[in-house]
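Residue strings, one per chain:
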Amino acid sequence: MDALSKIARYFGMTIDQIVNFDGAAPQEVTVEDKTLLEQVKLIQELEPEEKSMVFKMVDTFLTKKKFKHFFNKNIAAL
């Protein structure tokens, strides 16, 4: 895959849109504007390494939450 194809894919554009750029920059993706399903679809478009990092972060936060809940529940029982 050549560099232009990678750039087009990264920005969700076609090569034609890159070559014939009309001056309208791609919009920034913000989490607040997207539903969970849209966010997951966008994550699926990431490079494998980036996608893995996102899911590792989510796993870390979920594990932290479960440990916090577990300890709060068990400490309250003491």
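See above for the structure.
The present account deals with the structure reproduced in this document. These numbers come from a predicted model, not from an experiment.

**Thoughts on the overall build of the chain**
At step 1: For the chain, the helix and strand inventory stands at 4 helices and 0 strands.
At step 2: The N-to-C order of helical and strand elements in the chain reads α-α-α-α.
At step 3: Projected onto its principal axes, the C-alpha coordinates of the chain cover approximately 70 × 25 × 15 Å.
At step 4: Across the 78 residues of the chain, 4% fall into the buried class.
At step 5: Of the roughly 7400 Å² of accessible surface on the chain, 62% is carried by carbon and sulfur atoms.
At step 6: Seen as two clouds, the 11 positive and the 12 negative side-chain charges of the chain have centres 15 Å apart.

**Comments concerning the environment of Gln-44**
At step 1: Tracing the backbone shows Gln-44 in helix α3 (residues 36-44).
At step 2: Ignoring any residue separated from it by four or fewer positions in sequence, one finds Gln-44 in contact with Lys-51 and Phe-55.
At step 3: For Gln-44, the side chain forms a polar contact with the side chain of Lys-51, separated by 3.4 Å.

**Focus: a nonpolar patch on the surface**
At step 1: A surface patch of nonpolar side chains, amounting to about 440 Å² of accessible area, comprises Phe-67, Phe-70, Phe-71 and Ile-75.
At step 2: Within the element layout of this structure, Ile-75 appears in helix α4 (residues 48-76).
At step 3: For Ile-75, a relative accessible area of 56% gives the class exposed.

**A short note on the packing of aromatic side chains**
At step 1: For the structure shown, the criterion picks out 2 aromatic pairs.
At step 2: Taking 6.1 Å as the distance between ring centres and 20 degrees as the angle between the ring planes, the aromatic pair formed by Phe-67 and Phe-71 counts as stacked. Of this pair, Phe-67 and Phe-71 both sit in helix α4, 4 residues apart, which is roughly one turn of the helix.
At step 3: Its relative accessible area of 48% is what places Phe-67 among the partly exposed residues.
At step 4: The exposure class assigned to Phe-71 is partly exposed, which follows from its relative accessible area of 45%.
At step 5: Relative to Phe-71, the ring of Phe-70 has its centre 5.4 Å away and its plane inclined at 70 degrees; by these criteria the two rings are edge-to-face.
At step 6: Here the aromatic cluster, defined as three or more aromatic residues joined through ring pairs, consists of Phe-67, Phe-70 and Phe-71.

What counts as what
Residues numbered from 1 in each chain as written. Predicted model: local features only at pLDDT ≥ 70, side-chain atom pairs only at ≥ 80, totals over all residues. Heavy atoms only, no water. Helix = DSSP H or I, 4+ residues; strand = E, 2+ residues; numbered from the N terminus. Buried < 20%, exposed > 50% of the residue type's maximum accessible area, 1.4 Å probe, protein only. Areas by Shrake-Rupley, 256 points an atom, 1.4 Å probe, with all protein chains shown as cover. Lys, Arg positive; Asp, Glu negative; His and termini not counted. Charge placed at Lys NZ, Arg CZ, Asp CG, Glu CD. Contact = heavy atoms within 4.5 Å. Polar contact = N/O pair within 3.5 Å; in protein donor to acceptor, adjacent residues only side chain to side chain. Patch = residues over 30% accessible without salt bridge, like charges linked within 9 Å, V, L, I, M, F, W, Y side chains within 5 Å. Salt bridge = Lys/Arg side-chain N within 4 Å of Asp/Glu carboxyl O. Phe/Tyr/Trp six-rings, centres within 6.5 Å; stacked < 30°, edge-to-face > 60°.

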